[in-house]
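Tertiary structure, described
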Amino acid sequence: LPKNITIEAEPYPYTFPLSSTALLLIDLQRDFILPSGFGDIQSGTNLTAVTAVVPNCVRILQAFRELELPIFHTREGHLPDLSDCPSSKLNRQASAPGTTHSKVIGDPGELGRLLVRGEYGHDIVDECRPKLGEVVVDKPGKGAFWNTNLLEELVGWGITHLIVGGVTIECCVTTTVREANDRGFECCIIEECAAGYNDDFKAPSLNMIHWSQGLFGFVSSLPTLLEALT
Ligand code: TIU
């Protein structure tokens with residue numbers, strides 16, 4: 001493979017150096033993907049799209065593993081005493097009009113305490129389970145840079161470019177890409193590898209990333225990326 005790879009993308013072709021590009025997979029956790037998880041409870045059950053990204057993320061994982069490129073996984077969750085959970089995040093749920101459930105972060109659910117570190121639901125789905133040598137970053141927020149060591153990890157690995165997938169597009173994926181852009185990383189979201197709970201949000205979420213000459217980054221497709229990496 002050439003040192004620099006260029007793939008078709010919105011808003012214009014995305015060039016990334018193989019020597020300093022990582023895969024960043026956001027929050028592919030049981031709590032966001034499986035029935036009875038936090039996302040299912042909170043979003044009112046539309047798991048079709050988030051379920052469909054799992055096999056696509058497996059394909060991108062396989063490609064990066066074969067080339068021995070760096071892989072970073074994130075998990076959203078909190079300490080058992082919730083001392084790292086911002087009040088803006090904890091308090092928002094049960095009192096909202098139209099809410100049909102009373103569960104909040106930390107409550108017991110069928111997959112364990114919701115969004116609590118160490119619980120079954122907090123961990124990454126079996127299909128995308130991190131392998132030895134891959135970095136797992138635990139984050140208390142939506143953005144993966146806030147109150148984590150992700151920046152230090154990426155700088156330590158010499159990373160300049162991020163290929164991004166995960167869930168959910170409207171929340172943690174695009175928040176993280178916006179944070180990454182402010183820190184100088186060139187990001188490209190792979191559209192088949194990112195999804196959320198409201199199908200109407202996907203296109204505007206991606207459009208806002210690449211709008212205006214790539215305001216926050218690029219968007220490309222899985223076949224395009226896989227073809228370039230093989
Ligand atoms: N609620 C929701 O859509 N998502 C999150 O809270 N976290 C992630 O997006 N991972």
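Residues numbered from 1 in each chain as written. Predicted model: local features only at pLDDT ≥ 70, side-chain atom pairs only at ≥ 80, totals over all residues. Heavy atoms only, no water.

1. Details of the environment of Gly158
Following the sequence through the fold, Gly158 ends up in the loop between α5 (150-156) and β8 (161-167). Judged by its relative accessible area of 39%, Gly158 falls in the partly exposed class. (Helix = DSSP H or I, 4+ residues; strand = E, 2+ residues; numbered from the N terminus. Buried < 20%, exposed > 50% of the residue type's maximum accessible area, 1.4 Å probe, protein only.)

2. Points about the pairing of β8
A large share of β8 lies buried, amounting to seven of its seven residues. Neither face of β8 is exposed, since His161, Ile163, Gly165 and Val167 on one face and Leu162, Val164 and Gly166 on the opposite face are all buried. Note that strand β3 (residues 21-26) and β8 share six bridges and pair parallel. Bridge pairing in β8 places Leu23 opposite Ile163. The pairing of β8 with strand β9 (residues 186-195) spans six bridges and is classified as parallel. Residue Ile163 lies in a different strand from β9, and its bridge partner there is Cys188. As a crossover connection, the stretch from β8 through helix α6 (residues 169-182) into β9 is right-handed. (Pairing = 2+ DSSP bridges. Right-handed = clockwise from strand over helix to strand, strands pointing away.)

3. Some details on the packing of helix α3 (residues 48-66) against helix α8 (residues 222-229)
At a closest axis distance of 10 Å, the pairing of α3 and α8 adopts a crossing angle of 15°. Viewed along their axes, α3 and α8 adopt a mutual orientation that is roughly parallel. The two elements α3 and α8 meet at a crossing, and its hand is left-handed. Contact with α3, carried on its side by Asn56, Arg59, Ile60, Ala63 and Phe64, involves Leu222, Leu225, Leu226 and Leu229 of α8 and no other residues of that element. Broken down by class, the residue content of the contact of α3 with α8 amounts to seven nonpolar, one polar and one charged. (Axes fitted to C-alpha atoms, helices over the stretch in contact; angles between N-to-C directions. Parallel < 35°, antiparallel > 145°, perpendicular 65-115°, else oblique. Left-handed = near helix turned anticlockwise from the far one by under 90°. Contact = heavy atoms within 4.5 Å. Nonpolar A, V, L, I, M, F, W, Y, C, P; charged D, E, K, R; others polar.)

4. Considerations on the confidence of the model for the protein
The share of residues in the protein with pLDDT of 70 or more is 99%, and the mean pLDDT across the chain is 96. For this predicted complex, the interface confidence reaches an ipTM of 0.92, while the overall pTM sits at 0.97. (pLDDT = per-residue confidence, 0-100.)

5. Notes on the environment of Asp31
Mapped onto the fold, Asp31 is located in helix α1 (residues 30-33). Not counting the four nearest positions on each side in its chain, Asp31 is found in contact with Gly37, Phe38, Gly39, Asp40, Leu111, Arg113, Leu114, Leu115, Gly121 and His122. A distance of 2.9 Å separates the side chain of Asp31 from the backbone nitrogen of Leu115, its partner in a polar contact. (Polar contact = N/O pair within 3.5 Å; in protein donor to acceptor, adjacent residues only side chain to side chain.)

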